[in-house]
Amino acid sequence: MALKCILKSVVVKKNKVHQVLAEKEALSCAAHPCIVRLYGTFSDAQHLYFAMELAIGGEIFALIEELEMIPEPAVKYYAGAVMLALGHLHHAGFIYRDLKPENLLLDVRGYLKVCDLGLAMRTEHSMTVVGTPQYLAPEVLRAEGATKAADWWALGVLVFEMLNGELPFNSADGSDRSLFAAIKRGACTWPKEPRRTPNSKAPVGPHTPPSACVRDFVAALLRPSLPIANYKGSALPSANHGSANRLPTEPIRLGSSPEDAADVKAHIWFHGFDFDGLLSGAMPPPFVPKLTGSDDDANFGPIDWRGEPIVHDPGYDTNKWDAVWMDW
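Please read all numbers here as calculations on a predicted model, not as lab measurements.

Draft legend 1. Looking closely at the packing of helix 6 (residues 149-164) against helix 8 (residues 212-221). Remark: helix 6 packs on helix 8, axes separated minimally by 8 Å, with the N-to-C direction vectors making an angle of 145 degrees. Judged by the sense of rotation from one axis to the other, the crossing of helix 6 with helix 8 is left-handed. For the pair formed by helix 6 and helix 8, the contact residues are W152, W153, L155, G156, V159, F160 and L163 on the first element and V214, F217, V218 and L221 on the second. Residue classes in the contact of helix 6 with helix 8 are distributed as 10 nonpolar, one polar and no charged.

Draft legend 2. The sheet that holds strand 1 (residues 2-7), seen in detail. Pairing in this open sheet of three strands is antiparallel, and the strands run 1-3-2 from one edge to the other. Each edge of the sheet is formed by a strand with only one pairing partner; in this case those strands are strand 1 and strand 2 (38-43). On average, each strand axis in the sheet is inclined to that of its neighbour by 15 degrees, with strand direction left out of account. Sheet topology places strand 1 next to strand 3 (residues 47-52); six bridges connect them, and they run antiparallel. Looking across to strand 3, one finds that L7 is bridged to H47.

Draft legend 3. Structural context of the nonpolar core. Counting residues in each nonpolar core, the largest one holds 84 residues, and the members touching the most others are Y78, L155 and V159. For this core, the leading source of residues is helix 4 (residues 72-91), giving 12 residues. Leave out the neighbours within four places in its chain, and Y78 touches I60, L63, I70, L106, G110, L112, M162, P286 and F287.

Draft legend 4. Representation of the packing of aromatic side chains in the model. Under the criterion given, the structure shown has 11 aromatic pairs. With 5.6 Å between their ring centres and 10 degrees between their planes, W153 and F169 make a pair best called stacked. With W153 in helix 6 and F169 in the loop between helix 6 and helix 7 (176-185), this residue pair connects regions lying 16 residues apart in the sequence. Like W153, the residue F169 is buried in the burial classification. When the ring of W269 is compared with that of F270, the centres are 5.1 Å apart and the planes differ by 45 degrees; the resulting orientation is tilted. Both residues of the pair, W269 and F270, count as buried. Chaining the aromatic ring pairs together yields one cluster made of F217, W269, F270, F273 and F275. In this arrangement the basic side chain of K4 is found over the ring face of F50, its NZ or CZ atom lying 5.5 Å from the centre. Above the plane of the ring of W328 lies K24, whose end atom (NZ or CZ) is 4.9 Å from the centre.

Draft legend 5. Representation of helix 3 (residues 60-67) in the model. Listing the buried residues of helix 3 in full gives I60, L63, I64 and L67. In an axial view of helix 3, the angular spread of the buried residues amounts to 100 degrees, which keeps them on one side of the axis. Packed against the buried residues of helix 3 are helix 4, strand 5 (104-106), strand 6 (112-114) and helix 6. Count one or two residues on from helix 3 and you reach E68, which has phi positive near 70 degrees.

Draft legend 6. How the structure looks around the pairing of strand 3. The buried count for strand 3 comes to six of six residues, which makes it a mostly enclosed element. Note: strand 2 against strand 3, five bridges, orientation antiparallel. Bridge pairing links T41 to F50 in strand 3. Connecting strand 2 to the antiparallel partner strand 3 that follows it, the hairpin turn spans three residues.

Rules and cut-offs
- Residues numbered from 1 in each chain as written.
- Predicted model: local features only at pLDDT ≥ 70, side-chain atom pairs only at ≥ 80, totals over all residues.
- Heavy atoms only, no water.
- Axes fitted to C-alpha atoms, helices over the stretch in contact; angles between N-to-C directions.
- Helix = DSSP H or I, 4+ residues; strand = E, 2+ residues; numbered from the N terminus.
- Left-handed = near helix turned anticlockwise from the far one by under 90°.
- Contact = heavy atoms within 4.5 Å.
- Nonpolar A, V, L, I, M, F, W, Y, C, P; charged D, E, K, R; others polar.
- Pairing = 2+ DSSP bridges.
- Core = buried A, V, L, I, M, F, W, Y, C linked by side-chain atoms within 4.5 Å.
- Buried < 20%, exposed > 50% of the residue type's maximum accessible area, 1.4 Å probe, protein only.
- Phe/Tyr/Trp six-rings, centres within 6.5 Å; stacked < 30°, edge-to-face > 60°.
- Lys NZ or Arg CZ within 6 Å of the ring centre and 35° of its normal.
- Arc of directions from axis to C-beta.

Next up, the structure:
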């Protein structure tokens, strides 16, 4: 079991009370084989605790760094697991809003677990801009808000990154402004040559380029067009937001219809894929973490210890929040 410990004082100081409560709500509704399980929560005078499933095999981010390019069959396995997890959260009424390789863990057997639901929100439409810049959907950057379709855009970015070892949208000068302009333009180019470094641990041999099916899958997820029903009130796209070319007659983003995850699951890339086997654990994971035991934490870096809280600082006064933690 893993224990996530959060200082009440830091939650109050950084105005994260709502976010922590939202994370608990989302985890409580997220019982699913592809999402880190919440066993329970408790607290003491200074801390909040999440008792959670232990996923000690490391992050997908680390796997990308090690292999540089994950083979397509493995990418399909991980994308299928993420798709099922997102579909479950969406069915429960949540937008995840923070999909990225760092939030995808492997357990001791190699099964994928989505973690960190701190930005998940129970809503159909959110105007709050949150998440990791490289994975933000263009409609979010245009201040049109996020719907569940923004999670499917992020899945497209993730699949591209796992296959190529690099992101589909990059900043020309290292600034967020340049990055956001590239995302809003929406055009990404597949690398002609695989990314290799002298210390690469990728399998030796000729590189197999991504199939036409997975390229179509990524392209369908990275479509800027959304159904008009995805917008509400002032969030309706306009020519002023650069949306005049996103007419209903254009193909809409995969997953953005009311069918949500069912549309993604039905894409030809997943034809014949054993989703039941993935859910039951009958389908073996593509990579099994190298561990010396069930408590081997070598796949994670050193813990960033921030010291004890400043208990008597007025800015860290948690007494006024006691009622909030009462049911923790």
